[in-house]
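Spelled out, the chains give:
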Amino acid sequence: SMFIQTALRWLFLTCVPLFLLLTGYLQWRKTPELAYFKKISFVLGVYLFFAVLTVLFKVLVQGEGGSFWYWTKSVCTFSAIGYGWYVRMYVGLFLLAPFLNILYHALPDKRTKQGLLLVMVLITGLPGLLDSLGLKNFLMPAWWTGIYPVTYYFLGAYIREFQPKIGKSGGAALILGIIAAESLLTMWASDGGKFRAIFGYYDSVAVMALAVLLFVTCYDLDIKNRKLNAACQGLSRFSLDIYLCSYITDTFFYPRLSAVYAADAWPGWAAVLQKPADAPFAIPQADIFPYILVIVPVSLLVCLAAGWARERAGR
């Protein structure tokens, strides 16, 4: 169970990098025009909808207090949603994108663009891996790691321009092999204790490499099955909705699941719907996997429904 969870953790850690790679892939030709900058209103609109929904959830369901000004401030500072950091980051990247494109397209040839990518990976990706291994500021200082979204953006633009190819079966085997190796080494380093992210986070060259490999393996897939194609389109259409709304479902489901597990009995729906008392998570990590198989699909369906309602409300 722990090996599977560790493997899934390393796989799912590519989620934000894939968003950023896709941004560079899709926006690589955008120019600094008013029509482009106006499109940020969609992202802000989705955020505003779920920020207000989250505030209502916190007040009406979780019983949290606070003045009208307190909650308004939390919405305006992008702190109402626990995952609002992504919107804060993405707004800046969106505004920078046309100017990043000018820089990228001014480079004269493929080799020079590869040089840009190499430098960006060295200053934003290498320190993240070394730091996680306990080699802080070894070989490369970590000052620039915070601009890792720009590195992913340039990588996505490069993939769009030069269209690198990799065999699907070979790419999938390599991805699974890397994840398996990362998981085994993580479990060895953790030694039965707390999880140690020895390969770093989004700003680690190890995560960058896995995300790029996954992207290049999958970006030119031709999905011919109509139902599967429609499902993928639906997920992509509401991906930001799902991400922002998942803060509500995570906050609702996991503490209540823990409380029911600790009570060792079903307390009834009325008790489950109430906010449980703050307490350490009761379910041992090794035993949680079967519950995840239920909670994650339910959470996904709830978030999809909320995204559909947001879209309908905006028409």
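Residues numbered from 1 in each chain as written. Predicted model: local features only at pLDDT ≥ 70, side-chain atom pairs only at ≥ 80, totals over all residues. Heavy atoms only, no water.

Assigned secondary structure in the chain consists of 15 helices and 0 strands. The principal-axis extent of the C-alpha atoms belonging to the chain is close to 65 × 50 × 45 Å. For the chain, the proportion of contacts with a sequence separation of at least 24, taken over those separated by at least 6, is 79%. For the chain, the accessible area works out to roughly 17,600 Å², and carbon and sulfur atoms hold 69% of it. Separation of charge centres in the chain, based on 26 positive and 16 negative side chains, amounts to 9 Å. (Helix = DSSP H or I, 4+ residues; strand = E, 2+ residues; numbered from the N terminus. Contact = heavy atoms within 4.5 Å. Areas by Shrake-Rupley, 256 points an atom, 1.4 Å probe, with all protein chains shown as cover. Lys, Arg positive; Asp, Glu negative; His and termini not counted. Charge placed at Lys NZ, Arg CZ, Asp CG, Glu CD.)

It is worth spelling out the packing of aromatic side chains at this point. Following the criterion strictly, the structure yields 28 aromatic pairs and no others. An angle of 80° between the planes, with centres 5.0 Å apart, marks the rings of Phe49 and Phe50 as edge-to-face. With relative accessibility at 28%, the residue Phe49 sits in the partly exposed group. Here the aromatic rings of Tyr90 and Phe94 are separated by 6.3 Å at their centres, their planes lie at 50°, and the arrangement is tilted. Pair noted here: Tyr90 and Phe94 are both in helix H6 (residues 85-106), with a separation of 4 residues, about one helical turn. One residue, Arg9, lies across the ring of Trp10, its end atom 4.8 Å from the ring centre. Over the ring of Trp28 we find Arg29, and its NZ or CZ is 4.5 Å from the ring centre. (Phe/Tyr/Trp six-rings, centres within 6.5 Å; stacked < 30°, edge-to-face > 60°. Buried < 20%, exposed > 50% of the residue type's maximum accessible area, 1.4 Å probe, protein only. Lys NZ or Arg CZ within 6 Å of the ring centre and 35° of its normal.)

In this section: the nonpolar core. Tyr47, Tyr152, Phe154 and Leu244 are the most contacted members of the largest nonpolar core, which totals 62 residues. It is H6 that contributes the most residues to this core, 10 residues altogether. Not counting chain neighbours up to four residues away, the residues in contact with Phe154 comprise Leu100, Leu103, Tyr104, Leu116, Leu117 and Met120. By size, the runner-up hydrophobic cluster in this structure holds 6 residues, among which are Ala7, Ile175, Ile179 and Leu213. (Core = buried A, V, L, I, M, F, W, Y, C linked by side-chain atoms within 4.5 Å.)

Quick look at the packing of helix H10 (residues 168-190) against helix H11 (residues 205-218) now. Interaxial distance between H10 and H11 falls to 9 Å at its minimum, and their mutual angle equals 155°. Our classification of the angle between H10 and H11 gives roughly antiparallel. Considering how the two elements wind past one another, H10 and H11 form a crossing that is left-handed. Packed against H10, whose contacting residues are Lys168, Gly171, Ala172, Leu174, Ile175, Ile178, Ile179 and Glu182, the element H11 presents Ala206, Leu210, Leu213, Leu214, Val216 and Thr217 at the interface. Its residues assigned to classes, the contact of H10 with H11 shows 10 nonpolar, 2 polar and 2 charged. (Axes fitted to C-alpha atoms, helices over the stretch in contact; angles between N-to-C directions. Parallel < 35°, antiparallel > 145°, perpendicular 65-115°, else oblique. Left-handed = near helix turned anticlockwise from the far one by under 90°. Nonpolar A, V, L, I, M, F, W, Y, C, P; charged D, E, K, R; others polar.)

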